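# Structural overview for review
Single-letter residue listing:
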Amino acid sequence: MLSPTAAPTGTRMSAEARRELILAAATRAFADRGYAATTTDTVAREAGVSQPYVVRMFGTKLRLFVEVFEHAAERIIEAFERELDSQPFDPDEPDDWTRLGHAYKELVEDRDFLLVMMHGFTSAGVDEIGGAARHCMGRIFALLRRTGGTDEQLRAFVAHGMLINVMVAMRAPEHAGDGGPLAELMACAMQDYRLPESG
């Protein structure tokens, strides 16, 4: 097990670097097991540090999960902001919605990111997680208002994104060759979605 004060190369890590190391490990662990089944010990083993060190840095599993979830949510905000800031957006131009959709599709190719978001939504019965999830969706919707789109356009865009979440979470793209109605739904919902390169 690595010392929490040492990088894998033997050089001393800064506190911020150690924090990022644990957050990355927690993202992998929560993505794999979900909130309820993940422990701070699981995260510590994934990060190569001691369990007391994780608790000392983040306090509780709940605080750690909320931070991981909020970090994932921030990635969505940043991706949409970059796209909206890059050039004017015309809500009546399908290509503009397509490029905004592509910014999101690039994010969900990171499966750990996607699953952390999904676990956050499904763990919303925990007050703090539910609050973070609702805040996240509110911020995203407020940002999408910048497109100038109608309520119907915004609803369709958000609903399409959530459908993509579900399809990727159930690994539908990996089973497109199986045919049948699910493959047809995937093709309809995801159109030009591509799997990330292997290796």
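Right above here is the structure, for reference.
Quick notes on the rules
Residues numbered from 1 in each chain as written. Predicted model: local features only at pLDDT ≥ 70, side-chain atom pairs only at ≥ 80, totals over all residues. Heavy atoms only, no water. Patch = residues over 30% accessible without salt bridge, like charges linked within 9 Å, V, L, I, M, F, W, Y side chains within 5 Å. Areas by Shrake-Rupley, 256 points an atom, 1.4 Å probe, with all protein chains shown as cover. Salt bridge = Lys/Arg side-chain N within 4 Å of Asp/Glu carboxyl O. Lys, Arg positive; Asp, Glu negative; His and termini not counted. Charge placed at Lys NZ, Arg CZ, Asp CG, Glu CD. Helix = DSSP H or I, 4+ residues; strand = E, 2+ residues; numbered from the N terminus. Phe/Tyr/Trp six-rings, centres within 6.5 Å; stacked < 30°, edge-to-face > 60°. Lys NZ or Arg CZ within 6 Å of the ring centre and 35° of its normal. 1 Å grid on protein atoms, 1.4 Å probe; cavity = no way out; pocket = protein on both sides within 12 Å on 5 of 7 lines; lining within 4 Å. Points joined across faces, edges and corners; volume = space filled by probe spheres on them. Nonpolar A, V, L, I, M, F, W, Y, C, P; charged D, E, K, R; others polar. Core = buried A, V, L, I, M, F, W, Y, C linked by side-chain atoms within 4.5 Å. Buried < 20%, exposed > 50% of the residue type's maximum accessible area, 1.4 Å probe, protein only. Contact = heavy atoms within 4.5 Å. Expected span 1.5 Å × (residues − 1). Bend = angle between axes of the 7 residues up to and from the residue.

## Description of a negative patch on the surface
Taken together, Asp90, Asp92, Glu93 and Asp95 make up a surface patch of like negative charges. Inspection of the secondary structure assignment puts Asp90 in the loop between helix H4 (61-86) and helix H5 (94-108).

## Remarks on the packing of aromatic side chains
To describe a pair of aromatic rings, one takes the distance between the centres and the angle between the planes. Taken as a whole and judged by the stated rule, the model has nine aromatic pairs. With 4.9 Å between their ring centres and 90° between their planes, Phe30 and Phe65 make a pair best called edge-to-face. Taken together, the positions of Phe30 in helix H1 (residues 15-37) and Phe65 in helix H4 put the pair 35 residues apart, joining distant regions of the chain. Joined through ring pairs, the aromatic side chains of Phe30, Tyr35, Phe65, Phe69 and Phe121 make up one cluster. The aromatic ring of Tyr35 is capped on one face by Lys61, whose charged end is 4.4 Å from the ring centroid.

## Considerations on the layout of surface pockets
In this structure, the largest pocket occupies an estimated 500 Å³ of space. In this structure, the largest pocket is lined by 27 residues; those nearest its centre are Trp97, Gly101, Phe157, His160 and Gly161. Elements with a contribution of two residues or more to the lining of the largest pocket: H4, H5, helix H6 (111-122), helix H7 (127-144) and helix H8 (151-169). Ranked by residue count, the leading element in the lining of the largest pocket is H8, at nine residues. Split into classes, the residues belonging to the lining of the largest pocket amount to 17 nonpolar, eight polar and two charged.

## Points about the nonpolar core
Grouped together as the largest cluster of nonpolar side chains are 56 residues, with contacts concentrated most on Leu64 and Phe80. At 13 residues, the largest contribution of residues to this core is made by H4. Setting aside residues up to four positions removed in sequence, Leu64 forms contacts with Leu23, Ala26, Phe30, Val43, Val54 and Phe58.

## Considering H1
Residues that lie three or four places apart on an α-helix share one face, since the helix turns once every 3.6 residues. For H1, which comprises 23 residues, the first-to-last C-alpha distance of 27 Å sits more than 12% below the rise-based estimate of 33 Å (1.5 Å per residue). Ala31 marks where H1 bends most, by close to 80°. Looking at H1, one finds that the buried residues are Arg18, Ile22, Leu23, Ala25, Ala26, Ala29, Phe30, Ala31, Gly34 and Tyr35. Each element contacted by the buried residues of H1 is listed here: helix H2 (40-47), helix H3 (51-58), H4, H6 and H7.

## Concerning a nonpolar patch on the surface
On the surface, Leu163, Val166, Met170, Leu182 and Leu185 cluster together to form a nonpolar patch covering roughly 390 Å² of accessible area. Only H8 and helix H9 (180-190) provide two or more residues apiece to the nonpolar patch. The residue Leu163 is located in helix H8 in this model.

## Quick look at unusual backbone geometry
Of note, Arg171 is a non-glycine position whose phi angle comes to about 65°, a positive value. Tracing the backbone through its elements, the reader meets Arg171 in the loop between H8 and H9.

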